[in-house]
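Examining the three-dimensional arrangement
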Amino acid sequence: AIAELLDAIDRRKGEIEAASAHARAELARARQARAALGKLAAGHAHAVGAGPVGVLESSEHALAELDQAMAAPRPEWFGLDQRASQLAAVLADAVAVAQRDIDAHAAAEREVSDGGAVLDRVRSELGASTVDRAPANARLAAAADELERARKLLAEPRGDWQLTLASARSAIALAGSAAELAARDEELARSAQVAMAAAQQATTAADRNYGRGVRADLVTARNAMLIAQDALQKQNYEVALYQAEVASTNAEAAQRSASAEVSRLQAKEAAEQAAAAAALRRSRRSSWGSGSKSGSSFWSSSSSSSRSSGSSWSSSRSSSSSSSSSSSSRSYSSGSSSRGYSSGSSSRGY
């Protein structure tokens, strides 16, 4: 039993000595951490936040108490070891937080500086542009306000550097968005101007005499051009672009319609001319047919008259012959043959 007691005493003694050694080591670690924290706080007083500074201030008293307790007779090393370990851990955490504060402050400074450069560039771009619109300028104004807020936060000692960093990054994002809007305005304005030039060209090309007294109806195209011009002056580029395209479409359609109307009139005239020519040919054929019939009647009448004359002539001739024969017979019967013959009566009869 005595041996066991002695063994227990030895074990306890070893445990106490180990606790004492560990407590003193933890106390030394706490002192080193506090020294590092003090150095960071002194070198970056503006950046290191209130948390690490509070730990730095309160740890001085805690270290003094530990020194006093460890120097006292028969110290309670197990409790002192725990207290020293806790203090060393708190100081180590405070050093890490202080370093994060310093890094965040440096990052916030860089972002604020970069934000200022970005805003200056975008402000210069918008200042040189004549086509940027209110949304782009409003976005730039919001960026300037956010950057000013970040600068104020950065100027505060032991500030919230994460908030400052977020504000600076927000300012940069807003400035970039303003630049994008301005670039889009520039592109839209250029597109609207090109579309309006094309519409004017199409309208001018369509405004001519197509022949047959036909001209293109350009009222709709010209009205669209007027709307586009007004919209462009008011920086309403979307409307200007749309109306310019409407003007071009209507001018081209009016040109096609006018050309189609001329073709229709030409086809109509050709059809009318062809119909007139056909009517004239029919009239001529009808007149020629009537003339032929009249000629046939004339020749038929003449032939009948000739035949009638011939018959009369034959009848006359027969009558003459009959008369002559009668005379000759009478002459021959009344006188002698020689006298009648020699007197020449027959010859006169012939």
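Rules used throughout
- Residues numbered from 1 in each chain as written.
- Predicted model: local features only at pLDDT ≥ 70, side-chain atom pairs only at ≥ 80, totals over all residues.
- Heavy atoms only, no water.
- Helix = DSSP H or I, 4+ residues; strand = E, 2+ residues; numbered from the N terminus.
- Buried < 20%, exposed > 50% of the residue type's maximum accessible area, 1.4 Å probe, protein only.
- Contact = heavy atoms within 4.5 Å.
- Expected span 1.5 Å × (residues − 1).
- Salt bridge = Lys/Arg side-chain N within 4 Å of Asp/Glu carboxyl O.
- Core = buried A, V, L, I, M, F, W, Y, C linked by side-chain atoms within 4.5 Å.
- Axes fitted to C-alpha atoms, helices over the stretch in contact; angles between N-to-C directions.
- Parallel < 35°, antiparallel > 145°, perpendicular 65-115°, else oblique.
- Left-handed = near helix turned anticlockwise from the far one by under 90°.
- Nonpolar A, V, L, I, M, F, W, Y, C, P; charged D, E, K, R; others polar.
- Patch = residues over 30% accessible without salt bridge, like charges linked within 9 Å, V, L, I, M, F, W, Y side chains within 5 Å.
- Areas by Shrake-Rupley, 256 points an atom, 1.4 Å probe, with all protein chains shown as cover.

**A few points about the overall build of the protein chain**
Of regular secondary structure, the protein chain possesses nine helices and zero strands. When its helices and strands are written in sequence order, the protein chain yields α-α-α-α-α-α-α-α-α. Split into buried and exposed, the 350 residues of the protein chain put 30% on the buried side. Partitioning the intrachain contacts of the protein chain with sequence separation of at least 6 by distance along the chain shows that 77% fall at a separation of at least 24.

**A short note on unusual backbone geometry**
With phi around 50°, R74 is a residue other than glycine that occupies positive phi space. Mapped onto the fold, R74 is located in the loop between helix 2 (50–71) and helix 3 (77–128).

**As for helix 1 (residues 2–43)**
In this model, helix 1 (42 residues) spans 61 Å end to end at C-alpha, consistent with the 62 Å of a helix rising 1.5 Å per residue. Looking at helix 1, one finds that the buried residues are A19, S20, A23, E26, L27, A30, A33, L37, L40 and A41.

**Structural notes on the pattern of salt bridges**
Counting across every chain of the model gives 16 salt bridges. Across the pair E65 and R83 runs a salt bridge, and its minimum N-O distance is 3.7 Å. Of this pair, E65 sits in helix 2 while R83 sits in helix 3, and the two are 18 residues apart along the sequence. Measuring nitrogen to oxygen at the nearest pair gives 2.9 Å for the salt bridge that ties E238 to R133. Of this pair, E238 sits in helix 7 (residues 237–334) while R133 sits in the loop between helix 3 and helix 4 (134–155); the two residues are 105 residues apart in sequence, bridging distant segments of the chain. On the basis of relative accessibility, which here comes to 13%, the residue R133 falls in the buried class. Members of the salt-bridge network, linked through shared partners, are R133, R184, D185 and E238.

**A look at the environment of T130**
Turning to its location among the elements, T130 is positioned in the loop between helix 3 and helix 4. Judged by its relative accessible area of 71%, T130 falls in the exposed class.

**Focus: the nonpolar core**
Ranked by internal contacts, the top residues of the largest apolar core, which has 48 residues, are L37, M70, L91 and V122. Mapped by element, the contributors of at least two residues to this core are helix 1, helix 2, helix 3, helix 4 and helix 5 (161–206). Element by element, the count of residues in this core is highest for helix 3, at 18 residues. With residues up to four places along the chain from it excluded, the contact list for M70 reads A23, R24, L27, P75, W77, L80 and A84.

**Side note on the packing of helix 1 against helix 3**
Two elements in contact, helix 1 and helix 3, have axes separated by 7 Å at closest approach and are oriented at 20°. Judged on the interaxial angle alone, helix 3 and helix 1 are roughly parallel. Considering how the two elements wind past one another, helix 1 and helix 3 form a crossing that is left-handed. Classifying every residue of the contact of helix 1 with helix 3 gives 22 nonpolar, four polar and seven charged.

**Some thoughts on a nonpolar patch on the surface**
Taken together, the side chains of I2, L5, L6 and I9 present a nonpolar region at the surface, about 420 Å² in accessible area. Here I9 lies in helix 1.

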